[in-house]
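Analysis of the macromolecular model
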Amino acid sequence: ELQKAGQPSDRAEFKLVTRGELMPTHPAATRATFRDIFASRGIELVEGNGVQTVSKGTVELSSGRKIPADECIWCTQAAPQPWLAESGLDVDNGFVKVSPTLQSTNASGVFAAGDCASVVGHPRPKAGVFAVRQGPPLHDNLRRYLLGDALVDFTPQKTFLGLISTGSKHAIASWGSLSLGGATSTGAMLWNWKDKIDKKWMKMYQEMPEMTAPEPEVAAVALAAGPATIAALRAVPMRCGGCGAKVGASVLSRVMARLDIPTHPSVDIGLDQPDDAAVITVPPGKVSVQTVDFFRSFVDDPYIFGQVAVVHALGDCWAMGAEPHAVLAIAQVPYGLEPQVEETLYQMMAGATKVLAEVGCALAGGHSCEGKELALGFSVHGVAERKSLMKKGGMKPGQVLILTKPIGTGTLFAADMRAKAEGRWVSAALTSMCQPSAAGAEI
């Protein structure tokens, strides 16, 4: 690459540092080939001398040796998340301990697979080749568990074929104690094979097929739910569409008791003394600004959706140059068992009240109901000085339009519904959409 850029090839120096032996899970012949390749390319290999500390411009090894460095690229082994050990699940060196059925050894309703799991009796390296093969047996055993059938053990393979690129379009095949390839015609053939496999694999995730969700038979859904769920459903009284199909009073009262309800001095009658309607005082010399917003959820996390929904509703108030004082919520949660309805409603409203508390706006009341899908909306009450109201029309030459956030989220989520958006794009968009525009409104 340096030569292509017209730079001398010796301008950059490379060192590979490992605290143990190079590629310890591969045959000695594979290690020897890579040592020769590194030596021929002027790459220093430092084995058995791991990194102790890193500071600006210097990497210090466990032996005390200091290596000057402009850039460091880290490659680490798999490590468990701390919460796994804190969860109460049996763990093995921090990884979830599972039986050969991939079921937790001390929690029958928990299954784990891939790098986060450690299979009793079948220790294997944390490698993707083992993780992906646990997918089908995990799927099968989850279905068996839901249907009440006996689970089936899964025995992972003991060895796997590794096709490792050496650069310059050559590769080494490593399998068990066998190794072949390198800077030879065989190595070139192996690289072409690896390249074809890799491109095919990546294409699977770049060109997602259109998928239609078939309507399952009611009997199949009920059967898959298991006997405990069926018994619980039978015990639930028939749902009624009367009274606005409201969420049950007991569920709603428990949710409200768990929430930290934000208040505002202008709210005379609100949730602290529930009545048929909220009463809000408009300060002298101000006008009342009203807006309403409502939409269905486009994310799976009700807590995040609650934040997005209330930020979106408050945005119209801020856009007019008004200060939001109070909101009334309109919440719809999917049909389900009482505990599920309660937790979904709580998570959604907890996300909303978090934002309301941040911007000093009260939750003065609202309405809840059950429906086909999760949805949330708000009627927003704000105040402003009449002369300070900002309208959509009347912009004059020389004035500027301030964008407080990136635009295009609608297009992005339309792409996400078609599996055409990258996860990092969606994650960044949600972070922005959860951020209130209060600060921007003060500009």
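Our subject in this report is the structure included herewith. (Residues numbered from 1 in each chain as written. Predicted model: local features only at pLDDT ≥ 70, side-chain atom pairs only at ≥ 80, totals over all residues. Heavy atoms only, no water.)

1. Things to note about the overall build of the chain
For the chain, the count of helices and strands is 13 helices and 17 strands. For 443 residues, the compact-globule formula gives about 22 Å, and the C-alpha radius of gyration of the chain, at 30 Å, lies well above that figure. Its C-alpha atoms put the chain at 85 × 70 × 45 Å along the principal axes. Relative to its full complement of 443 residues, the chain shows a buried share of 30%. For the chain, contacts bridging at least 24 residues in sequence account for 61% of all contacts bridging at least 6. As displayed, the chain has an accessible area near 28,200 Å², and 57% of this comes from carbon and sulfur atoms. Separation of charge centres in the chain, based on 41 positive and 43 negative side chains, amounts to 7 Å. (Helix = DSSP H or I, 4+ residues; strand = E, 2+ residues; numbered from the N terminus. Rg over C-alpha atoms; globule rule 2.2 N^0.38 Å. Buried < 20%, exposed > 50% of the residue type's maximum accessible area, 1.4 Å probe, protein only. Contact = heavy atoms within 4.5 Å. Areas by Shrake-Rupley, 256 points an atom, 1.4 Å probe, with all protein chains shown as cover. Lys, Arg positive; Asp, Glu negative; His and termini not counted. Charge placed at Lys NZ, Arg CZ, Asp CG, Glu CD.)

2. A look at a nonpolar patch on the surface
On the surface, V132, W201, M202, M204 and Y205 cluster together into a nonpolar patch covering about 530 Å² of accessible area. For the nonpolar patch, the leading source of residues is helix 5 (residues 185-206), giving 4 residues. Summarising the element assignment, V132 is placed in helix 3 (residues 128-133). Owing to a relative accessible area of 47%, V132 belongs among the partly exposed residues under this scheme. (Patch = residues over 30% accessible without salt bridge, like charges linked within 9 Å, V, L, I, M, F, W, Y side chains within 5 Å. Salt bridge = Lys/Arg side-chain N within 4 Å of Asp/Glu carboxyl O.)

3. Concerning the nonpolar core
Most often, soluble globular proteins keep nonpolar side chains buried together rather than apart. In terms of nonpolar packing, the biggest core is built from 45 residues, with L314, M349 and F378 touching the most fellow members. Put simply, the parts of the chain that give this core at least two residues each are helix 8 (249-258), strand 14 (287-296), helix 9 (302-319), strand 15 (323-334), helix 10 (338-359), strand 17 (375-384), helix 11 (409-417) and helix 12 (423-433). Setting aside its immediate chain neighbours within four residues, F378 contacts T291, V292, D293, A309, V310, A313, V327, L328, A329, I330 and A352. Among the nonpolar cores identified, the runner-up in size contains 8 residues, and L89, V98, A112 and V119 belong to it. (Core = buried A, V, L, I, M, F, W, Y, C linked by side-chain atoms within 4.5 Å.)

4. A closer look at the pattern of salt bridges
On inspection of all chains with the given rule, the structure shows 15 salt bridges. Across the pair E338 and R254 runs a salt bridge whose closest N-O atoms are separated by 3.4 Å. Of the two residues, E338 is situated in helix 10 and R254 in helix 8; the sequence distance between them amounts to 84 residues. Of the residues examined, E338 reaches a relative accessible area of 45% and is grouped as partly exposed. For R254, a relative accessible area of 34% corresponds to the partly exposed category. E422 is the partner of R424 in a salt bridge, and the nearest nitrogen-oxygen pair spans 2.9 Å. One continuous salt-bridge network, built from bridges that share partners, spans R254, R258, E338, E342 and E343.

5. What about the side chain of H264?
Relative to the helices and strands, H264 resides in the loop between helix 8 and strand 12 (267-269). Residue H264 is classed as buried on the basis of its relative accessible area, which comes to 16%. Engagement of the side chain of H264 in a polar contact is seen with the side chain of S266, the distance being 2.9 Å. (Polar contact = N/O pair within 3.5 Å; in protein donor to acceptor, adjacent residues only side chain to side chain.)

6. Some details on the pairing of strand 9 (residues 161-167)
Across 6 bridges, strand 9 lies against strand 10 (residues 170-175) in antiparallel orientation. Bridging across to strand 10, S165 finds its partner in A171. Here strand 9 folds back onto strand 10, and the loop between the two strands holds 2 residues, one of which, S168, carries a positive phi near 55°. (Pairing = 2+ DSSP bridges.)

7. A short note on the packing of helix 11 against helix 12
Running from N to C, helix 11 and helix 12 point in directions that differ by 140°, and their axes come no closer than 11 Å. Comparing the axis directions of helix 11 and helix 12 gives the class oblique. Judged by the sense of rotation from one axis to the other, the crossing of helix 11 with helix 12 is left-handed. Across from T409, L412, F413 and D416 in helix 11, the residues of helix 12 making contact are W425, V426, A429, L430 and M433. (Axes fitted to C-alpha atoms, helices over the stretch in contact; angles between N-to-C directions. Parallel < 35°, antiparallel > 145°, perpendicular 65-115°, else oblique. Left-handed = near helix turned anticlockwise from the far one by under 90°.)

8. Topic: the packing of aromatic side chains
One pass over the structure, following the stated rule, counts 7 aromatic pairs. Taking 6.1 Å as the distance between ring centres and 45° as the angle between the ring planes, the aromatic pair formed by F34 and F38 counts as tilted. Of this pair, F34 and F38 both sit in helix 1 (residues 28-40), 4 residues apart, which is roughly one turn of the helix. Take F38: its relative accessible area is 15%, and that puts it in the buried class. Where F295 meets F305, the ring centres are 5.7 Å apart and the plane angle is 75°; that geometry is what we call edge-to-face. Here the residue F295 occupies a position in strand 14, and F305 occupies one in helix 9, the gap between them amounting to 10 residues. Of the two residues examined, F295 and F305, each falls in the buried class. A cation over a ring is seen here: K126 above F95, with NZ or CZ 4.1 Å from the ring centre. For the cation-ring pair, R258 lies above Y346, with the distance from its terminal atom to the ring centre recorded as 3.8 Å. (Phe/Tyr/Trp six-rings, centres within 6.5 Å; stacked < 30°, edge-to-face > 60°. Lys NZ or Arg CZ within 6 Å of the ring centre and 35° of its normal.)

From the geometry alone we can't say anything about function, so treat these as descriptive.
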